[in-house]
Amino acid sequence: MNTQHTERREDAVAAPSRFPLREIILFGILLVAVLGVYAVMGTAYSTRMLVEASCYAILALGLTIQWGYAGQFNAGVMGFVALGAFATMFFSVPVNDAFWGTELPGELGRVLLYGAAAAMLVYGATKLDRLGVPRKLRTLIAILLAVVLYLVVISMLRGVTGEIQSRAGFIGGLGLPAWTGWVVGGALAGAIGYFIGHICLGLRSDYLAIATLGIAEIIKAFLKNSDWLTRGTATVSPLPWPTPGPSELGFTLARALYLSVTAAMIAVIFFLLHRAYHAPWGRMIRAIRDNEISASAMGKDINKRRLEIFVLGCILMGIGGGALASFNSIFDPNGFLPLNHTFLVLVMVILGGPGNNLGTIFGAVAVYIIWLMSEPLALFVMHGAAALGEGWFGWELPGNLDSRALQARVFVIGLLITLVLRFAPQGLLPEKVKHHG
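Residues numbered from 1 in each chain as written. Predicted model: local features only at pLDDT ≥ 70, side-chain atom pairs only at ≥ 80, totals over all residues. Heavy atoms only, no water.

> Before we move on, can you summarise the environment of Leu-201 with the specific residues and values?
Counting through the fold element by element, Leu-201 comes out in the loop between α8 (178–200) and α9 (205–225). Here Leu-201 falls in the buried class, since its relative accessible area comes to 6%. Note: C-alpha distance between Leu-201 and Ala-116 (85 residues apart in sequence) is 26 Å. (Helix = DSSP H or I, 4+ residues; strand = E, 2+ residues; numbered from the N terminus. Buried < 20%, exposed > 50% of the residue type's maximum accessible area, 1.4 Å probe, protein only.)

Structure follows, in structure tokens:
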């Protein structure tokens, strides 16, 4: 009897997988679209498009494990992308001797040490209740101490940063290979994500989205206004590549080599996520997403697992942001827009299918092609309609067709997400949920 029961369970678990017809058709259509772009726009432009799409695919994989695996709606993708780009800039830009060759690094380090000591004092003040201090008095002491120490430290910091700007422009970089900035950018984004997770992961999904969006704007504002650290609106360029650049190999070959690096990164990330998804850890994460109460009743540490997945997604966003900044060869704090770095990534995940890694990669490439090509296609249609109107009805040709065509991107992406949510709410390649008998 037990043998028959075991056999039925093994048959249920080892059910034959279906033939991936939908995946083959969709990726075949995507290949035709890519080849069409190559034929129309040329090799150099199309290769650049694929490199940027691959960087966005890394960002989308970070979001799909947060939203698709754990149901965490992160609306602050832009902030973690900016952190990855900043780390890449800081580690890869050549050393600024006007700063490092003076006494300014020592003065800046001294102020930062004072700031760390102040933070430790405030933290210690929050623990005074353990010494018998009433909690209300403890809170009052901690707040007053934090305000006073903040004013002191920020005054000292402004003096040093003012000297840095007047004498050196900004602190410059460390002159290390670009890939070190990608690694540190992922670690920095993960560290900030860990801090945010402790505060925000207890919130409902809508409040989590608002909180992460606000924190992303804070990160952007800090990078934009810290001229001594990032040059602010003056931007930093050029950022070195981890591979030989266009000046050495030409645009097409250099971009193709860069594409091979990002493609290899995606392959490694996809393999690791695929293994994690089908491992007990992945099943536990999905169990928490689908029924948190039941998972908690079975002894699972809900908060710890949710924090793990949030930090992992932030790490991928930081790495993708670093790779994208290196390829664009510029760090511009004003260039991190919610429309480009949060909403567009969200559409990629929705189109491909939240929780499906292969679908997310498909959605990233497909949506980015649509995003880029909607402008020239709209401009072509507008010029054709204007020419017909001018020839048949004597219409005067508008002078701002280029700007109008640029706005067609937003319309096309909005129409796309509307159609997907109406006809394929789970995405074109939905998450495959296996039910075991």
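> So what about the nonpolar core? Which residues, and what values?
Core analysis: the largest hydrophobic core is formed by 107 residues, its most contacted members being Phe-331 and Tyr-368. In terms of residues, this core owes the most to one element, helix α3 (residues 43–70), which gives 15 residues. Those residues within four positions of Tyr-368 in sequence are excluded, and the remaining contacts are Met-49, Glu-52, Ala-53, Tyr-56, Leu-344 and Met-348. (Core = buried A, V, L, I, M, F, W, Y, C linked by side-chain atoms within 4.5 Å. Contact = heavy atoms within 4.5 Å.)

> Please give an account of a nonpolar patch on the surface that cites residues and values.
Residues Phe-19, Leu-21, Ile-24, Ile-25 and Ile-29 make up a contiguous nonpolar surface patch of about 530 Å² in total accessible area. Position of Ile-25 among the secondary structure elements: in helix α2 (residues 21–41). Among the residues examined, Ile-25 registers a relative accessible area of 45% and is labelled partly exposed. (Patch = residues over 30% accessible without salt bridge, like charges linked within 9 Å, V, L, I, M, F, W, Y side chains within 5 Å. Areas by Shrake-Rupley, 256 points an atom, 1.4 Å probe, with all protein chains shown as cover. Salt bridge = Lys/Arg side-chain N within 4 Å of Asp/Glu carboxyl O.)

> Could you give an account of α2, with specific residues and numbers?
Taking 1.5 Å of rise per residue, the 21 residues of α2 would be expected to cover 30 Å, and the 30 Å separating its terminal C-alpha atoms lies within 8% of that figure. Those residues of α2 that sit buried are Glu-23, Leu-26, Leu-30, Val-34 and Val-37. Angularly, the buried residues of α2 cover 80° about the axis, an arc narrow enough to put them on a single face. Turned more than 90 degrees off the buried face of α2, the exposed positions are Ile-29, Leu-31, Val-32, Leu-35, Ala-39 and Val-40. Following α2 by one or two positions, Gly-42 has its phi on the positive side, about 100°. (Expected span 1.5 Å × (residues − 1). Arc of directions from axis to C-beta.)

> Give a detailed account of unusual backbone geometry, specifying residues and quantitative values.
At the junction of Ser-237 and Pro-238, the peptide bond is cis and its omega measures out at -5° in the coordinates. Here Pro-238 is to be found in the loop between α10 (227–230) and α11 (246–249). Positive phi values are uncommon outside glycine, yet Arg-231 reaches one of about 65°. If you trace the backbone, Arg-231 turns up in the loop between α10 and α11. At Thr-235, a residue that is not glycine, the phi angle is positive and equals roughly 65°. Summarising the element assignment, Thr-235 is placed in the loop between α10 and α11. Looking at Thr-235, the relative accessible area reads 15%, which means it is buried.

> For the packing of α3 against helix α12 (residues 251–277), give the residues involved together with the corresponding values.
One way to put it is that α3 packs onto α12 with a least axis distance of 8 Å and a crossing angle of 20°. Viewed along their axes, α3 and α12 adopt a mutual orientation that is roughly parallel. Crossing of α3 against α12: the hand is left-handed. (Axes fitted to C-alpha atoms, helices over the stretch in contact; angles between N-to-C directions. Parallel < 35°, antiparallel > 145°, perpendicular 65-115°, else oblique. Left-handed = near helix turned anticlockwise from the far one by under 90°.)

> Give a description of the packing of α3 against helix α16 (residues 338–352) that names residues and reports values.
At a minimum axis distance of 9 Å, the contact between α3 and α16 shows a crossing angle of 70°. In terms of orientation, α3 and α16 fall into the roughly perpendicular class. As for how α3 packs across α16, the hand of that crossing is right-handed. Packed against α3, whose contacting residues are Tyr-56, Leu-59, Ala-60, Leu-63, Thr-64 and Trp-67, the element α16 presents Asn-340, His-341, Leu-344, Val-345, Leu-346, Met-348, Val-349 and Ile-350 at the interface. Class assignment of the residues belonging to the contact of α3 with α16 gives a composition of eleven nonpolar, three polar and no charged. (Nonpolar A, V, L, I, M, F, W, Y, C, P; charged D, E, K, R; others polar.)

> Give a detailed account of the pattern of salt bridges, specifying residues and quantitative values.
Per the counting criterion, the structure on display carries eight salt bridges. Between Asp-290 and Arg-289 there is a salt bridge, and its shortest N-O distance comes to 2.9 Å. Ionic pairing is found between Glu-431 and Arg-289, a salt bridge with its closest N-O pair at 3.0 Å. Of this pair, Glu-431 sits in the segment after α18 (401–423) while Arg-289 is found in helix α13 (residues 280–290), placing the two residues 142 residues apart along the sequence. Owing to a relative accessible area of 25%, Arg-289 belongs among the partly exposed residues under this scheme. Via salt bridges that share partners, Glu-103, Glu-163 and Arg-167 belong to a single interconnected network.

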